[in-house]
Amino acid sequence: TECVSGCMCPDGLVLDGSGGCIPKDQCPCVHGGHFYKPGETIKVDCNTCTCNKRQWNCTDNPCKGTCTVYGNGHYMSFDGEKFDFLGDCDYILAQDFCPNNIDAGTFRIVIQNNACGKSLSICSLKITLIFEVCLELVITEELLLEGRIQEIATDPGAEKNYKVDLRGGYIVIETNQGMNFMWDQKTTVIVHVAPSFQGKVCGLCGDFDGRSRNDFTTRGQSVEMSIQEFGNSWKITSTCSNINMTDLCADQPFKSVLGQKHCSIIKSNIFEACHSKVNPIPYYESCISDFCGCDSVGDCECFCTSVAAYSRSCSRAGVCIDWRTPAICPVFCDYYN
């Protein structure tokens, strides 16, 4: 109806954002804040995605399952369910000795939280790995406690179906069946299972069936609404006491405010490229809670563990964030190399 200041493209073309006009099918795709031209590919988990007409066309390969435990009882199951559970017993983290597994079981991971100081925060983990070797029902155990590995074998001459390695700051245990276990020798445990374990595992990590709604399945095969009841059902022994989760920041407003300041890095522009892929709020809240649980304000390990957990989730979503600095949670790679 009247002249309007600005640029227009001829019919069939659109602005490319740089002052030029291009066909619609030449528009780029966006991932992690970066632009990709048509035909370019990216890797997301175990699948390859190709840019085509502004949309990503991805392969549908079955991927391995990942369960993560970090900080003061924070869990993320194989199917992506996030929850907090704190207990003072030995619990089955993950195993394939399950009713829904028609094959013979091959591994069991038992985890125990070791509290530190006067608070309820966790300083280290005691972890027991139990393996079944072939069909001879020979059981070996790896006892991981404070960075030490103690091997207990019922048959020392049996052929091992696993190997132990030290990679960077992590102790890594890999089995021939496709279960990989990683521990940072502090409070972070990562369990990877091959796609062949789908629907065959159970424990605090869930059943890896692609559905998070049934992750709180108890040892008695009922789906529990209460996380505390679900967690307690996976106790090795019923004699130890149950612990109710408490708000560690409730009586420590100073620590809470300081924790919010430090943990704001998770919501900052440093991780901006990941915010659309992985919700930062659960990790931010876990970070503040763990910060309040530290005995001393200067103990940054609680803070670093939560930020590192978010960074790992970003990496699995295909967004790599370089967030560590000499002043923020440095890792001395040369020392571990």
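Remember, predicted model here, so these are calculated numbers, not experimental data.

Cut-off values and rules
Residues numbered from 1 in each chain as written. Predicted model: local features only at pLDDT ≥ 70, side-chain atom pairs only at ≥ 80, totals over all residues. Heavy atoms only, no water. Core = buried A, V, L, I, M, F, W, Y, C linked by side-chain atoms within 4.5 Å. Buried < 20%, exposed > 50% of the residue type's maximum accessible area, 1.4 Å probe, protein only. Helix = DSSP H or I, 4+ residues; strand = E, 2+ residues; numbered from the N terminus. Contact = heavy atoms within 4.5 Å. Salt bridge = Lys/Arg side-chain N within 4 Å of Asp/Glu carboxyl O. pLDDT = per-residue confidence, 0-100. Pairing = 2+ DSSP bridges. Axes fitted to C-alpha atoms, helices over the stretch in contact; angles between N-to-C directions.

Right, let's talk about the nonpolar core for a bit. Counting 38 residues, the largest nonpolar core has Phe78, Leu93, Phe107, Ile109, Met179, Phe181 and Val191 as the members making the most contacts within it. The set of elements that each furnish at least two residues to this core consists of β8 (65-70), β11 (90-95), β12 (107-115), β13 (122-133), β17 (170-175), β18 (179-183) and β19 (189-193). Per element, the largest residue contribution to this core is four residues, and it comes from β11. Listed in part, the 29 residues of the second largest apolar core include Tyr283, Tyr284, Val307 and Trp323.

Once that is clear, we can look at the environment of Cys63. When you line up the elements, Cys63 lands in the loop between β7 (55-58) and β8. Separated by 18 residues in the primary sequence, Cys63 and Asp45 place their C-alpha atoms 7.2 Å from one another. With residues up to four places along the chain from it excluded, the contact list for Cys63 reads Asp45, Cys46, Asn47, Pro195 and Phe208.

A separate point is the pattern of salt bridges. Under the counting rule described, the total for this entry stands at four salt bridges. Between Asp165 and Arg167 there is a salt bridge, with its nearest N and O atoms 3.2 Å apart. Take Arg167: its relative accessible area is 38%, and that puts it in the partly exposed class. Three or more residues are tied together by salt bridges with common partners; here these are Lys163, Asp165, Arg167 and Glu174.

Any segment with low pLDDT has predicted coordinates that should not be analysed in fine detail. Across the protein, the average pLDDT comes to 81, with 84% of residues at or above 70. Per-element confidence in the protein is highest for β19, whose mean pLDDT is 93, and lowest for strand β14 (residues 138-145), whose mean pLDDT is 51.

In a beta sheet, neighbouring strands are held together by backbone hydrogen bonds and run either parallel or antiparallel to one another. Pairing within the open sheet is antiparallel, and its three strands lie in the order β5-β6-β7. Only two strands of the sheet have a single neighbouring strand rather than two, namely β5 (41-44) and β7. If you compare each strand with its neighbour and ignore which way they point, the axes differ by 35° on average. Of the pairings in the sheet, the one linking β5 to strand β6 (residues 47-52) comprises four bridges and is antiparallel in character. Residue pairing for β6: Ile42 is matched across the bridge by Cys49.

The seven strands are arranged β10-β9-β8-β19-β18-β17-β16 in an open sheet whose pairing can be described as antiparallel. Of all the strands in the sheet, just β10 (82-84) and β16 (162-167) have a single pairing partner and so form its edges. Strand-to-strand, the axes of this sheet are offset by a mean angle of 15°, without reference to chain direction.

The subject of this paragraph is the pairing of β7. Pairing between β6 and β7: four bridges, direction antiparallel. Note on β7: the bridge partner recorded for Thr50 is Asn57. Hairpin remark: β6 followed by β7, antiparallel, with two residues in the connecting loop; positive phi at Lys53, about 55°.

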